[in-house]
Amino acid sequence: MSGSNAESEEKAASRHCAQVQVNEYKEIGSSAYTSLRPIQTITLGKTAKVYLSPFSLSNSKLALFKLSRSPFESNSHNAVAHKKTDRKKTCRKVLTSEMKAVSSKAEPVLLKPSKLELQSTEESVPLSVDMGSSDEDGVPGLDDFSGLSPYERKRLKNIRENANFFASLQLSESAARLRGMIKKSQPTESKRKRPKKKENEIGCRRSMRLLKVDPLGVPLPAAPAEPTLEEEENPLLPPGPLEMIPENQDDSNELFKASLKTWAEMSKTSKERTKEGLSSIKSYKASLSGMVISEGTVRKVTRGAISSVALHPSEVRTLVAAGAKSGQIGLWDLTQQCEDQVYVFYPHSQPVSCLYFSPTNPAHLLSLSYDGTLRCGDFSSGIFEEVYRNEGSSPSSFDFLAEDASTLLVGHWDGHLSLLDRRTPGTSYEKFFNSSLGKIRTVHVHPVSRQYFIAAGLRDVHVYDARCLNSKRSQPLISLTEHSKSIASAYFSPVTGNRVVTTCADCKLRVFDSSALSCQIPLLTTVRHNTITGRWLTRFQAVWDPKQEDCFIVGSMAHPRRVEVFHETGKNVYSFFGDCLVSVCSLSVMHPTRYVLAGGNSSGRLHVFMHQESF
């Protein structure tokens with residue numbers, strides 16, 4: 001734009017009283033004419049400011065509208081350029097106002113095309129001037145742009161129709177109504193006042209049975225309390241001796257009476273083999289390989305899981321005793337080849353945790369139960385005598401403190417220890433002590449130095465001196481703290497006591513060197529063994545073989561089912577298999593002089609491995 005044109009535009013903009021004359025536009029048919037009669041004159045009292053900026057057609061988003069020339073248009077080149085710029089800005093404002101009408105939510109604006117034509121003289125004020133009038137005053141109608149292409153006209157028409165449609169939906173009113181509903185606070189619920197009951201009001205009807213009255217209205221006597229399931233299954237037995245009567249046999253069974261007489265005449269245990277010394281591993285393994293199992297050596301003895309097993313030390317007859325969790329004790333004489341060779345007794349009302357034949361008189365079978373009683377079954381008299389009774393503290397395990405079985409050591413679940421003297425008439429004399437363990441699972445006396453005993457607790461194994469026990473708190477002589485989980489058992493080796501084997505829930509069997517009971521017992525061997533029996537199976541307990549004290553026996557969870565024998569070095573010596581062994585034998589015991597192995601499972605069944613010539 002030249003300098004002369006700029007000066008003329010600045011003079012026109014600096015006028016204080018600029019007048020814009022609006023003429024009436026009419027369209028008649030195809031011809032259009034302009035009326036020169038002034039319709040309205042607007043006097044602007046503000047000073048117009050014009051800002052010039054370069055404009056490029058390539059950057060414009062809207063096409064340049066081609067407007068028809070006014071009759072008063074100047075032929076100068078500068079006026080034509082100025083008019084084109086104004087038309088372009090006017091078209092841009094039209095589109096902007098129409099887009100605002102579409103996108104507005106609060107107050108949509110309806111586009112009403114006006115039939116006004118802007119005056120295109122040199123003194124006309126551009127629409128880009130900052131003035132106080134509204135934008136709609138100078139917005140032309142769609143028909144004013146006769147130079148637009150059909151596409152542009154169609155586009156502007158669609159915009160106008162869409163704006164009218166959205167305005168007819170009244171979206172702004174609906175949105176305002178929803179906002180009011182959201183912002184409106186919900187009134188707090190007032191608590192309904194319950195009506196007061198009248199004194200003479202009749203309530204709902206109830207049956208006389210629920211009211212515990214008879215048809216005449218007389219209250220019925222209170223019914224006695226029904227016993228619980230545990231009381232029905234495990235009733236407490238009366239104190240004192242109990243007659244040895246089998247539950248599965250007739251009282252007048254002559255065969256049972258003959259069996260009692262035979263068991264009473266059994267000889268004592270022979271210790272000649274153990275005095276000769278240990279046999280070699282090779283010969284020991286060969287003897288184990290000759291032990292087999294058959295259908296005749298598998299029998300269900302008790303109802304429920306077996307919790308303790310004992311073998312009679314007789315070298316002539318094979319008599320196996322099993323204690324169950326139901327309180328039963330089953331005796332199975334394998335020498336009798338008949339169906340009625342199993343005898344079941346009920347000397348206890350709760351699980352039988354410990355079962356031993358007396359080392360001095362094998363005709364005595366001692367049993368310890370969780371019901372707080374320790375009984376001695378005498379085959380000669382046919383009576384279960386009561387040796388010890390303490391219902392306040394449940395016992396868990398016992399062992400013979402003296403070699404002649406005159407004194408006993410009893411461990412309790414609450415961590416207490418009891419020393420019993422059977423030489424006193426009536427009930428045994430008891431001396432009560434407190435250990436350093438929270439719970440005691442098993443106790444075992446040293447076979448040589450019988451003043452020492454070992455106790456297995458929850459996580460620790462302690463060795464005590466029976467001469468230094470204290471009624472308040474007994475300090476252990478030695479503590480074995482290598483275990484990381486619950487301990488099931490701990491036993492000295494049967495002949496010399498130079499080894500200790502422990503069974504732990506961390507799937508490890510540990511062997512300790514107890515040859516010198518000093519301040520510490522070193523760990524010799526750790527054997528990896530699956531000891532996770534779960535909830536329904538009795539926990540494993542590794543026990544020594546009385547004939548071979550450097551080897552111990554333990555059940556297994558492996559398939560096929562088996563009972564394994566390990567050396568103290570951790571080497572597997574032998575595994576007992578068989579087609580008749582199809583369950584897990586959690587508890588196993590070896591005969592002290594013969595090659596006979598008895599294992600009990602959690603269904604009350606005994607499995608016996610022995611040589612064929614012993615059948």
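See the structure printed just above.
Let me begin by describing the structure that accompanies this report. The model shown is predicted, which means the values in this text are computed figures rather than measured ones.

**Considering the overall build of the chain**
Counting secondary structure elements, the chain contains nine helices and 32 strands. When burial is assessed residue by residue, the chain has 43% of its 615 residues classed as buried. Partitioning the contacts of the chain with sequence separation of at least 6, the portion at a separation of at least 24 is 54%.

**Brief notes about the packing of aromatic side chains**
For the structure shown, the criterion picks out 16 aromatic pairs. Centre to centre, the rings of Phe552 and Phe566 are 5.9 Å apart; their planes meet at 25 degrees, and the pair counts as stacked. Of this pair, Phe552 sits in strand 27 (residues 548-555) while Phe566 sits in strand 28 (residues 563-567), and the two are 14 residues apart along the sequence. These aromatic residues form a ring-pair network of at least three members: Phe256, Trp263, Tyr343, Phe345, Phe379 and Phe384.

**What to know about the environment of Phe384**
Topologically, Phe384 is positioned in strand 13 (residues 383-389). A relative accessible area of 4% places Phe384 in the buried class. Taking the C-alpha atoms as reference points, Phe384 and Met244, separated by 140 residues in sequence, lie 6.1 Å from one another.

**Section: the pairing of strand 10 (residues 352-357)**
The buried fraction of strand 10 amounts to five of the six residues, a majority that puts the element mostly inside the structure. As defined by bridge partners, strand 10 adjoins strand 11 (residues 364-369) across five bridges and the pair is classed as antiparallel. What sits directly across from Leu355, in strand 11, is Ser367. In sequence, strand 10 turns back onto strand 11 through a hairpin of six residues.

**A word on unusual backbone geometry**
A cis geometry characterises the amide bond from His559 onward to Pro560, with omega recorded as -10 degrees. Along the chain, Pro560 falls in the loop between strand 27 and strand 28. The phi dihedral of Gln170 is positive, around 55 degrees, even though this residue is not glycine. Tracing the backbone through its elements, the reader meets Gln170 in the loop between helix 3 (150-169) and helix 4 (171-183). Residue Gln170 is classed as partly exposed on the basis of its relative accessible area of 47%.

**With respect to the sheet that holds strand 11**
On the basis of which strands lie adjacent, the open sheet formed by five strands has the order 4-13-12-11-10 and antiparallel pairing. Bordering the open sheet on either side are strand 4 (242-243) and strand 10, each of which pairs with just one other strand. Of the pairings in the sheet, the one linking strand 11 to strand 12 (residues 373-378) comprises five bridges and is antiparallel in character. Across the sheet, the residue bridging to Leu365 is Gly377, located in strand 12.

**Here's the deal with the environment of Val596**
Its location among the elements puts Val596 in strand 31 (residues 596-600). The class of Val596 is buried, set by a relative accessible area of 1%.

**Observations regarding the nonpolar core**
Core analysis: the biggest nonpolar cluster contains 20 residues, and Trp263, Leu331, Leu365 and Phe379 have the highest contact counts within it. Listing elements by their share of this core, those giving two or more residues are helix 7 (254-264), strand 7 (319-324), strand 8 (329-333), strand 9 (342-345) and strand 10. Other than its neighbours up to four places away in sequence, Trp263 contacts Leu319, Leu331, Asp333, Tyr343, Ala363 and Phe379. Grouped together as the second largest cluster of nonpolar side chains are 18 residues, Tyr284, Cys585, Leu597 and Phe609 included.

**Some points on the pattern of salt bridges**
Applying the stated criterion across every chain, the model contains 10 salt bridges. Across the salt bridge formed by Arg423 and Asp421, the nearest N and O atoms sit 3.0 Å from each other. A salt bridge links Asp465 to Arg467, with the shortest nitrogen-to-oxygen separation between them at 2.9 Å. Among the residues examined, Asp465 registers a relative accessible area of 11% and is labelled buried. One salt-bridge network, held together by shared partners, links Arg375, Glu386, Arg389 and Glu391.

**Description of the sheet that holds strand 26 (residues 543-545)**
Backbone hydrogen bonds hold the strands of a sheet together, and the pairing may be parallel or antiparallel. Reading across from one edge, 26-27-28-29 is the order of the four strands in this open sheet, with antiparallel pairing throughout. Of all strands in the sheet, those bounded by a partner on one side alone are strand 26 and strand 29 (572-576). Along the sheet, successive strands turn relative to each other by an average axial angle of 30 degrees, direction set aside. Looking at chain direction, strand 28 and strand 29 are connected through four bridges and run antiparallel. If you follow Phe566 over to strand 29, its bridge partner there is Asn572. Where helix 9 (residues 281-289) meets the sheet, its contacts fall on strand 26, strand 27, strand 28 and strand 29, and the angle it forms with strand 29 comes to roughly 5 degrees.

**Comments concerning helix 7**
Among the residues making up helix 7, those that are buried are Phe256, Ser259, Leu260 and Trp263. The buried residues of helix 7 occupy one face: seen down the axis, they fall within an arc of 100 degrees. Turned more than 90 degrees off the buried face of helix 7, the exposed positions are Glu254 and Lys261. As for helix 7, its buried residues are in contact with strand 7, strand 8 and strand 9.

**Thoughts on helix 3**
Taking 1.5 Å of rise per residue, the 20 residues of helix 3 would be expected to cover 28 Å, and the 29 Å separating its terminal C-alpha atoms lies within 8% of that figure. Phi turns positive, to about 55 degrees, at Gln170, one or two residues after helix 3.

**Let's talk about the pairing of strand 22 (residues 487-492)**
With six of its six residues buried, strand 22 lies for the most part within the structure. In this structure, strand 22 lies alongside strand 23 (residues 499-504), joined through five bridges in antiparallel fashion. Across the sheet, Ser489 pairs through a bridge with Thr503, a residue of strand 23.

What counts, and where the lines are drawn
Residues numbered from 1 in each chain as written. Predicted model: local features only at pLDDT ≥ 70, side-chain atom pairs only at ≥ 80, totals over all residues. Heavy atoms only, no water. Helix = DSSP H or I, 4+ residues; strand = E, 2+ residues; numbered from the N terminus. Buried < 20%, exposed > 50% of the residue type's maximum accessible area, 1.4 Å probe, protein only. Contact = heavy atoms within 4.5 Å. Phe/Tyr/Trp six-rings, centres within 6.5 Å; stacked < 30°, edge-to-face > 60°. Pairing = 2+ DSSP bridges. Core = buried A, V, L, I, M, F, W, Y, C linked by side-chain atoms within 4.5 Å. Salt bridge = Lys/Arg side-chain N within 4 Å of Asp/Glu carboxyl O. Axes fitted to C-alpha atoms, helices over the stretch in contact; angles between N-to-C directions. Arc of directions from axis to C-beta. Expected span 1.5 Å × (residues − 1).

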